[in-house]
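Examining the three-dimensional arrangement
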Amino acid sequence: MTEKDLRQNVEKALDEIRPFLQSDGGDISLISIDNGKTVTVRLEGNCVGCSVNQMTLKSGVEMTIKKYAPGVEKVINVS
């Protein structure tokens, strides 16, 4: 998978997740993809102070990104 394809697949994954986050007043942005294995995102809005944002990141965001881009090993949130 090319770098461009990987980025498009990660964006597709985020587009799938985004409506759920937005329904709670949050959002998510792609910051970077490093070595095709680590995706860095930024949770925004209500997601920033949410007590379950780490669960959302691992159970929702990371799982969905890995579905679209199986080579991704981890997803990191930066604030």
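Report follows, based on the coordinates. Remember, it's a predicted structure, so these values are computed and weren't measured experimentally. (Residues numbered from 1 in each chain as written. Predicted model: local features only at pLDDT ≥ 70, side-chain atom pairs only at ≥ 80, totals over all residues. Heavy atoms only, no water.)

**Focus: the overall build of the chain**
- The number of helices and strands found in the chain is two helices and three strands.
- Beginning at the N terminus, the succession of helices and strands in the chain can be written as α-β-β-α-β.
- In terms of overall dimensions, the chain is globule-like: its C-alpha atoms have a radius of gyration of 12 Å, near the 12 Å expected for 79 residues.
- Projected onto its principal axes, the C-alpha positions of the chain cover 35 × 20 × 20 Å. (Helix = DSSP H or I, 4+ residues; strand = E, 2+ residues; numbered from the N terminus. Rg over C-alpha atoms; globule rule 2.2 N^0.38 Å.)

**Points about the packing of helix H1 (residues 3–23) against helix H2 (residues 53–68)**
- The contact between H1 and H2 brings their axes to 8 Å, and the two run at 145°. Every pair of crossing elements has a handedness; the one defined by H1 and H2 is right-handed. In this structure, H1 contributes Asn-9, Val-10, Lys-12, Ala-13, Leu-14, Glu-16, Ile-17 and Leu-21 to the contact, and H2 contributes Thr-56, Gly-60, Val-61, Thr-64, Ile-65, Lys-67 and Tyr-68.
- Residue classes in the contact of H1 with H2 are distributed as eight nonpolar, four polar and three charged. (Axes fitted to C-alpha atoms, helices over the stretch in contact; angles between N-to-C directions. Left-handed = near helix turned anticlockwise from the far one by under 90°. Contact = heavy atoms within 4.5 Å. Nonpolar A, V, L, I, M, F, W, Y, C, P; charged D, E, K, R; others polar.)

**Overview of H1**
- Under the 1.5 Å per step criterion, the end-to-end length of H1 is 31 Å for 21 residues, consistent within 8% with the ideal 30 Å.
- Along its length, H1 shows its largest kink, about 35°, at Ile-17, and proline Pro-19 lies within four residues downstream of that point.
- Residues of H1 that are buried include every one of Leu-6, Asn-9, Val-10, Ala-13, Leu-14, Ile-17, Arg-18 and Leu-21, and no others.
- Gly-25 occupies a position one or two residues after H1 and carries a positive phi of about 85°. (Expected span 1.5 Å × (residues − 1). Bend = angle between axes of the 7 residues up to and from the residue. Buried < 20%, exposed > 50% of the residue type's maximum accessible area, 1.4 Å probe, protein only.)

**A word on H2**
- Taking 1.5 Å per residue, 16 residues should reach 22 Å; H2 reaches 21 Å between its end C-alpha atoms and fits that length.
- Along H2, the largest kink reaches about 30° and is centred on Glu-62.
- Among the residues of H2, those classed as buried are Asn-53, Leu-57, Val-61, Glu-62, Thr-64 and Ile-65.
- Among the structural elements, H1, strand E1 (26–34), strand E2 (38–45) and strand E3 (74–77) are those in contact with the buried residues of H2.

**Topic: the sheet that holds E3**
- Strand order across the open sheet formed by three strands is E1-E2-E3, with mixed pairing between neighbours. For this open sheet the edge positions go to E1 and E3, each flanked by a neighbour on one side alone. Along the sheet, successive strands turn relative to each other by an average axial angle of 30°, direction set aside.
- Of the pairings in the sheet, the one linking E1 to E2 comprises eight bridges and is antiparallel in character. Residue pairing across strands places Asp-27 opposite Glu-44, the latter belonging to E2.
- Against the sheet, H1 touches E1 and E2, its axis set at about 160° to E1. (Pairing = 2+ DSSP bridges.)

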